[in-house]
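Examining the three-dimensional arrangement
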Amino acid sequence: MSIRHQLLLIALTTLILPWAGCKYARELDAAQRRAQENALAASAETISHALASEPARVFRDLDDRSPFDAARGDQYVFALHNEPLIDGYREDWDLAAPATALPSAEGYAARLLLGTEGRFLYLYMEVEDARTVAQPPVIGPTTLDFTRVDLVTEHPDGTRDAFFFASGAPGPLPAQVLVRGESGGVHFVSEARIQGFWLQTATGYQLEARIPWSLLGARLWIEAHAGDARRAGFEPEDDAPGGRLFMATPGLSTLLATFVRPGTRATVLDANALRLGVAGTLESGGRGAETRSASWYDRFLSVDSTHWPLEVSAADRMQGAAIRAALRGHTSAEWLRAAGGGSVLLAAAPLQIGGEPRGAVVLEQGGNPLLEARDQALSHLFNLTLLGTALAVVFAFAVAASIGVTIGRLRLAADSAIGPDGRIRLSMPESQRSDEIGALARAFERLLQRLNEHTLYLRSLGGKLSHEMRTPLTIVRSSIDNLEFSTLAAEQRGYLLRARDGTARLQFILTALGAAARVEEAIKQAERVPLDLCALLDSAVAGYRAAFPGATFILERPENECPMRGAPELLVQLLDKLIENAVDFCPPGGTITVRLERLGSQYELSVANDGPPLPPAIKDRLFESLFEHRSGREDKPHFGLGLYIVRLIAEFHGGRVGAADRVDGTGVVFSVRLPLI
Amino acid sequence: MKNGRRAHRPGHRLSSHPVKKTIAIVEDEPALRENYAALLARHGYGVKTYANRKGALQAFGTHLPDLAIIDIALEDEAEGGFDLCRELRAMSAEIPIIFLTARDSELDAVSGLRLGADDFLTKDVSMPHLAARVAALFRRIDALRRPHTASEVLRRGALSIDAERMQTTWKGTPVTLSLTEFWIVHALARNPGHVKNRQQLMDAANVVLDDNTITSHVKRIRRKFIEIDPGFDAIQTVYGMGYRFVE
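This text gives an overview of the structure that appears in the document. All values reported here derive from a predicted model rather than from experimental measurement.

Here we take up the overall build of chain A. A count of helical and extended segments in chain A gives 13 helices and 24 strands. Burial status across chain A gives 32% buried among its 677 residues. Within chain A, residue pairs in contact and separated by at least 24 positions form 65% of the contacts whose partners lie at least 6 positions apart.

Quick look at the structure:
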């Protein structure tokens, strides 16, 4: 794993921060919501207990336990807040609830809405009947086939009264009562106390009417008739329940209002979940879908409300799990999604009267605005942390890239610190940095410095040894010289001779050891002068022919002059060392070829000899100081300085050295390339 | 005067001296000091040995030796010999001074000779060679004290060499050569045109030197002649073989 990947990983771990923040936020959220639930449920229970002590103010008829049965014509009467005008329109009822469709076997569409205000029951009907049949002026007892709405009420004593509204001219109209005359005839009488308004519409008609409670009993059946036999609604049946009117308990809402805190709506329900009283208004503090921009990460931040049930309660009754539980006797709370967005907390406590759940007290509260604010703060925090993480990743990548490049540069420098010619480069890149990489670079520099010192020491070792051993050797030799003047036996003279021979060899060795040092010294003093390399070679090779009669020398050189700038003594010494080397490995009677060629701006001077090939493993190190691996002739000491001297002199002239086997394997070729100038 | 030719024969041993010459050896290595002292005493010289510059200088203040052999490094003074040479030369312009040292760098040799030493020898020099040099230097002192006779002078073109006095002139101008340099020039000039290889030059100069040292000696000699005559080209290098003197 590369450094940049490691750093990327580290940077990515900063993502834990937003994650932990979200987790904390959600737990806090959940806890606060639970606290809110508990508080609201407790309030609902308190109200419930208070109401239970005054059941008469809650229920109109405490003993009435009959269930609401819409199929049999039971109706809920909404409490209206002001007196509507009787004009055929329901807009002034200020009621959100839709009209209830009346059952019809024939598919006659009629919808009914009932309300009460003060002493009156208000009725509103919409009937879809494009073909209204007007009431005939005189009708027979059996001909009641005209468009009308029948109302039948039953008084507590069991007697029933019937009224109807019949279509005629649109406009205000009274109800009519069917009166059977003493003669058995039937005629209609207007009941002026019951006022209605007939409004013709494109699809049928609308009827609005006002009926004093004093004319009505506990039960009321309402039925719409078409001109033909079709009808919709309820017909009074004997000995059957139905047609009962359920409505809010008068005064209960006022009572309830004393319990309700602002922003909370309290509702008392009866066992049918119908509203008996309502107080307070729900603050629209719930989060509005339009006020916040839903982000993909919202789901990390807030409690997931999508699984909450939608608030579906109707104007007349309430629904939901919490309501059902309360009506069964258990206090519970529930979060709902408000229809217009936002959330609503609903807590329901059972209304226990005589140990029996007879209804429920329901409190509704909007979602805590503080929570919403906190959500927004969290959202900002989340954004900032994400930004921070992104920055950390970018920064980590930049740092990693920079470190990678730097280390790569360092590695390249370390790889190439020791050049092909054995020279050591002492400076490393990045050593000015103040960090660990700088320290590493400086450590490399110190290491290279030590290596260089060691190499230089090795290089100078020969010279130093030769220098340091000179004095003791001189002591030995001068002592032997003095000894020769003493009178000695023949035997002692023999020993003396051997000692002298030994010191002579030692001296030779020391001189050879110091050779490189002296060449370096000579190089410092050397001056380059114009010279003719060809003439130099002619002269030198002639000398070698005389000096080494055991080998055959061949000189191959260009015909004309070979001018260059150089130090002739050093060049001759270079040639000497190459020739010495060649002679050492050349078998008796072998050939040594000295060749000079001009290659563009430089000369190639090569000395080739018959003999064994170079050992492959040491080809690169032949020209190093004190490196001797080849065994030549045994009669002379070797310190591996000869070829090192060749290299020193070649480098002084800006040249390069090389060694190779002959292609056919019959010998080796040492070559030196020298620039002309 | 008659047998002045002997002067350039190396290894010549002196038989007797009318007055015993004194030689001061300033050398901090006791074994070497004693060996040199023994050798020179055997050759009939009076020998005084000193281990350091201070002791030597003190003694020189009261009595000057006839010849001084000085090591460069003296005890804790790395260049003590140079200082001593300078001080001694200040006391006497004529006294022969030989540097005998383990140091063989070109720079040391040049410095030593520039301070007025007559010869600069490395400790490789053998006892007989050292004795020969001492004898040669004394002979020159003697020759200089005697009246000059031109018959002993070897002439090769512009070069003239007085072997007895070990004096060399080029085109009439004296050339200051050290003893070793003198012997090399003498060996080359005796047979003009003949190539002398390095070994022959070493034998002539009573030294054992390696190639580079011979080369630097020759270069130094050339430089001294060129200082007098920029056109000097009488000593030529024959690459791979040696050197020759051309008239």
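Here we come to the environment of Leu578 of chain A. Residue and element names in this part refer to chain A. For Leu578, the position within the fold is in helix 12 (residues 568-585). In this structure, the C-alpha to C-alpha distance between Leu578 and Val646, residues 68 residues apart in sequence, is 7.3 Å. Those residues in contact with Leu578 that lie beyond four places of it in its chain are Val607, Val646 and Phe670.

The subject of this paragraph is the interface of chain B and chain A. Facing 24 residues of chain B, the contacting portion of chain A comprises 29 residues. Of all the secondary-structure elements, those providing two or more residues to the side of chain B that touches chain A are helix 1 (30-42), helix 8 (211-228) and strand 10 (235-238) of chain B. Among the elements that line the side of chain B that touches chain A, the one with the most residues is helix 1 of chain B, at 7 residues. Here the side of chain B that touches chain A is composed, by residue class, of 10 nonpolar, 7 polar and 7 charged.

Under the 1.5 Å per step criterion, the end-to-end length of helix 2 (residues 16-52) of chain A is 53 Å for 37 residues, consistent within 8% with the ideal 54 Å. Where helix 2 of chain A is concerned, the buried positions are Pro18, Ala25, Leu40, Ala41, Ser43, Ala44, Ile47, Ser48 and Leu51 of chain A.

Residue and element names in this part refer to chain B. As defined by bridge partners, strand 10 adjoins strand 11 (residues 242-245) across 4 bridges and the pair is classed as antiparallel. What sits directly across from Thr237, in strand 11, is Tyr243. Connecting strand 10 to the antiparallel partner strand 11 that follows it, the hairpin turn spans 3 residues, and Gly240 within it adopts a positive phi of roughly 85 degrees.

Moving on to the nonpolar core. By size, the foremost hydrophobic cluster in this structure holds 73 residues, and its most contacted members are Ala44, Ile323, Ala347, Ala348, Ala360, Val361 and Val362 of chain A. Residue contributions to this core reach at least three from each of two domains, namely domain 1 (70-247) and domain 2 (253-375) of chain A. Excluding anything up to four places from it in sequence, Val362 of chain A contacts Ala44, Thr267, Leu269, Met318, Ile323, Leu346 and Ala348 of chain A. If you look at the next biggest cluster of nonpolar residues, it comprises 66 residues, including Val26, Met127, Ile161 and Met166 of chain B.

All names here are of chain A. The 5 strands are arranged 14-13-17-16-15 in an open sheet whose pairing can be described as antiparallel. Bordering the open sheet on either side are strand 14 (275-279) and strand 15 (332-337), each of which pairs with just one other strand. Neighbour to neighbour, the strand axes of the sheet diverge by 20 degrees on average, direction disregarded. The sheet contact formed by strand 13 (residues 264-270) and strand 14 spans 4 bridges and is antiparallel. Opposite Leu269, over in strand 14, you have Arg275 as the bridge partner. Relative to strand 16 (residues 343-353), helix 2 is tilted by about 30 degrees, and along the sheet it contacts strand 13, strand 15, strand 16 and strand 17 (356-366).

All names here are of chain B. As summarised here, the arrangement of the 5 strands in space is 2-1-3-4-5, forming an open sheet in which the pairing is parallel. At either end of the open sheet lies a strand with only one pairing partner, and these are strand 2 (46-50) and strand 5 (119-122). Each strand axis lies, on average, 20 degrees off the axis of its neighbour in the sheet, ignoring direction. As paired elements, strand 4 (residues 97-101) and strand 5 share 4 bridges and run parallel to each other. Following the sheet pairing, Leu100 is matched in strand 5 by Leu121. The strands that helix 5 (residues 127-145) touches are strand 1 (22-26), strand 3 (67-70), strand 4 and strand 5; relative to strand 3, the one it contacts most, it runs at about 145 degrees.

How each quantity is defined
Residues numbered from 1 in each chain as written. Chains lettered and ligands numbered in written order. Predicted model: local features only at pLDDT ≥ 70, side-chain atom pairs only at ≥ 80, totals over all residues. Helix = DSSP H or I, 4+ residues; strand = E, 2+ residues; numbered from the N terminus. Buried ≥ 20, exposed ≤ 12 C-beta atoms within 10 Å, placed from the backbone. Contact = placed C-beta atoms within 7 Å. Nonpolar A, V, L, I, M, F, W, Y, C, P; charged D, E, K, R; others polar. Expected span 1.5 Å × (residues − 1). Pairing = 2+ DSSP bridges. Core = buried A, V, L, I, M, F, W, Y, C linked by C-beta atoms within 7 Å. Domains from an automatic or database assignment. Axes fitted to C-alpha atoms, helices over the stretch in contact; angles between N-to-C directions.

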